Amino acid sequence: MFDLAFVQQLTLPEKAALVTGQDYWYTAQIAAHKIPSIMMTDGPSGLRKQAQSADALGLNGSVEAICFPGSALTASSFDQSLLYQLGQQLGQAARANQVSILLGPGINIKRSPLAGRNFEYLSEDPFVAGELATSYVQGVQSQGVGVSVKHFAANNRENQRFTASSNIDERALREIYLSAFEKVVKKAHPATIMCSYNALNGVLNSQNYRLLTQILRNEWGFAGVVLSDWGAVADHVAAIKAGLDLEMPGNGEESVQQIVHAVQQGELEESLLDTAVLRVLQLVEKYGLTQDKQPLTYSKEAQHKFAQKAAEDSMILLKNEEQILPLQKSDKIALIGELARQPRYQGGGSSHVNSYQVVAPLTAAQQSDYAVEFAAGYTLDSKDSTPQLADQALQLAQRSDKVVFFAGVPEQDESEGFDKKSLDLPRNQVELLTRIAQVNPQIIVVLQNGSVVTMPWEPQVQAILETYLAGEAVGAATWNILTGAVNPSGKLAETFPLQLADNPTYGTFNANTTAENYYESIYVGYRYYDTKQKPVRYPFGHGLSYTTFSYSDLKIDSTNDQVQVTFKLTNTGSVTGREVAQLYIRNLTSAVDMPWQELKGFQKITLQPGASQVVHFTLKRRSFAWYNSQAHKWQVDNGSYEIRIGQSSRQIELRQTIEVQLGVEPKEDLNLNTYLKDIIYRKDLQKPLAQAGLQASIDQILTAQSNSTLLENMPLRALVMLGAKMSQIQTFLHLVRQ
């Protein structure tokens, strides 16, 4: 049992070693004190255990493992249960491979669609990211394996990620960029948090005391280990002072001596070092896997089947005109696109997995009893058209009933370590698609991409299936959706704009090599598009089904503790389907700028044809709160709110305005600059107004018809213009303060 007394028995060099990685993936081992090392490895979407030739960017090989769908896709499931099961699967694989800490999930916000690591993150919305990541963490840790939630915090671009400062106002920081981390810390109690490379408002996150100690530990109660992203520590002594516990991978003896010297010279209090050491030892003790006398085994085949199910439950049918999908066995089908044969199914960089069994869409189609032919159409190693391949594809399209065109972003254009420069698909793919549309308009586009792409070609096609990076079972899952063996049920967890210029970060993202300025504040993703009423290609929360759903019977019960919302969801179609019912709140009360609406609840419901289910949501105070940066607290304002239920942020089916009484009435310090509109309607102020002799002046305002609104926007001190004396105003303020 490791405790502070044990830590204090260690020598200074031993302590210094324990807060520094022993090597690339292991914590330090102190044999003299029977302190084992533990291994950690990448794994948001599949285990990337490297036995030899370790690296951070997936350049070298790793053990064979199941490649699950990327987070951009699994987030589109909007299914907490699925994310919990995904966590369980990853935890089993990690434990079987003697891995103690799985590095993930990544929950940074998709602020810009150009951010190079968006494929590894969940959503543009912190509520979705927090809910799904909580389930994922709970699933992994249910297997006795710890996680490292990353990248803390505001790591929203890749270019100059080691040094650039994310400059964010306090309200946006709290509401958008810290909110998901806060939820995971409080609800799932992750083993570790990984601090990111970047600076936050000018201070490197690895040595940011306010972030790592004041907010993470003191406010949220985090009790685990804070470890660095690989190579994120610039000053190890400053990092320990700020609240970092473990530098990874460390610089060997150099890191140890740096800490020893700092303590000896009085630059670092040994008690701070002891605290970090104790946290690391407690992590080793809890997740050391020493109880596994025999290595656990797991079924890769079973995990492969789950990877397929996860992909099927998450793929998003964006468009389906004239019900061209599902495909029929009587159709002569052309599969066009090299991505059908060589699918893009996983992200690049540290999330790259040595996959167990990749199933290409072409393979799945050819093994089915559908009539299919294939043409590559284009190459993946060039953006230029290949005339011979293009002509073969055109000829195939002409003699086919329907064309399934596989399009996407090659891995070399989208990976960890750099940001994208464009949202467009490669030129050769778009040119071929345009030519095919001229000879056969019956086109279904299947997308393979890590994040948002623009679709100027969208009017030329009848259906679009978004598969993101669907994992090693991409082929089977895609074919099952296309043929109707599985009814699509995914919803977009990010907005697809019409063009890059429509995004709020356009023109400023990556414009400065040393600073990323978050000028848009809280207006990220749909919060921006909906508030500005901008048309989009596909809105947040959008996704079609092969059946239809109706919403009815909205009922709301508001108390002093919570708001209960119920409504009836009915499958009005002819096949079983799953619907993600979404609850948004529109704030009609607070005297600050607010987004048009914010997602505060979602549930995924399975219904047989004709069946109905009453859906329940319980909304607590936080659902109605905004962060008051002046008061340094979350604030709920009593008043009117609109509850909005829908299929997406742009397809609201039910709405009702209610009066909420969840907040604490502000007892603000009235002063000469307090506006009259904040005084004259308050019942508790009527008596002191009369006692101070100000009622006559107030009555002038209340009885005036033409200028009452103007007068309501005057401060208290302006009552002297209506005949009041300053002494009366001072008397009023004295009575109120008593």
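Just above sits the structure.
Residues numbered from 1 in each chain as written. Predicted model: local features only at pLDDT ≥ 70, side-chain atom pairs only at ≥ 80, totals over all residues. Heavy atoms only, no water.

Draft legend 1. Representation of the sheet that holds strand β14 (residues 402-408) within the structure. Taken in spatial order, the six strands line up as β10-β16-β15-β14-β11-β13 in an open sheet, and their pairing is mixed. With one partner strand each, in any of the chains shown, β10 (316-320) and β13 (371-375) form the two edges of the open sheet. The sheet shows a mean angle of 20 degrees between the axes of neighbouring strands, direction not considered. Pairing between strand β15 (residues 443-448) and strand β16 (residues 463-466): four bridges, direction parallel. What sits directly across from I444, in β16, is A463. The sheet strands contacting helix α17 (residues 474-483) are β11 (332-336), β13, β14, β15 and β16, and the helix crosses β15 at an angle near 150 degrees. (Pairing = 2+ DSSP bridges. Helix = DSSP H or I, 4+ residues; strand = E, 2+ residues; numbered from the N terminus. Axes fitted to C-alpha atoms, helices over the stretch in contact; angles between N-to-C directions. Contact = heavy atoms within 4.5 Å.)

Draft legend 2. Here's a closer look at the pattern of salt bridges. In total, this model carries 48 salt bridges according to the counting rule given. Put simply, E494 and K110 hold a salt bridge, and the shortest N to O gap is 3.6 Å. With a gap of 384 residues between them, E494 in the loop between α17 and β17 (496-497) and K110 in the loop between β3 (101-106) and α5 (126-141) connect regions that are remote in the sequence. Residue class for K110 comes out buried when judged on its relative accessible area of 5%. Among the salt bridges present, the one from R161 reaches E416, with a minimum N-O distance of 3.1 Å. Placement of the pair is R161 in the loop between β4 (146-152) and β5 (165-167) and E416 in the loop between β14 and α16 (427-439), with a sequence separation of 255 residues. Of the two residues, R161 and E416, both sit in the buried class. If you follow the salt bridges from partner to partner, you end up with R117, E120, K150, E158, R161 and E416 in one network. (Salt bridge = Lys/Arg side-chain N within 4 Å of Asp/Glu carboxyl O. Buried < 20%, exposed > 50% of the residue type's maximum accessible area, 1.4 Å probe, protein only.)

Draft legend 3. View of the sheet that holds strand β24 (residues 612-619). Across the sheet, which stays open at both edges, the three strands sit in the order β20-β21-β24 with antiparallel pairing between neighbours. Lying at the two open borders of the sheet, with one neighbouring strand each, are β20 (549-558) and β24. Averaged over all pairs of adjacent strands, the angle between their axes in this sheet comes to 20 degrees, without regard to strand direction. The pairing of strand β21 (residues 563-571) with β24 spans eight bridges and is antiparallel. Each bridged residue has a counterpart across the sheet, and for V563 the counterpart in β24 is L619.

Draft legend 4. How the structure looks around the packing of aromatic side chains. One pass over the structure, following the stated rule, counts 20 aromatic pairs. Ring centres of F127 and F602 lie 5.9 Å apart, and the angle between their planes is 90 degrees; on these two criteria the pair is classed as edge-to-face. Of the two residues, F127 is situated in helix α5 and F602 in strand β23 (residues 598-607); the sequence distance between them amounts to 475 residues. Look at Y528 and Y529: their rings are 5.5 Å apart centre to centre, the planes differ by 75 degrees, and that puts the pair in the edge-to-face class. The residues Y528 and Y529 share a single accessibility class, namely buried. One aromatic cluster is present, formed by F78, F127, Y526, F540, Y584 and F602 through successive ring pairs. Its end group placed over the ring of Y518, R111 keeps NZ or CZ at 3.8 Å from the ring centre. (Phe/Tyr/Trp six-rings, centres within 6.5 Å; stacked < 30°, edge-to-face > 60°. Lys NZ or Arg CZ within 6 Å of the ring centre and 35° of its normal.)

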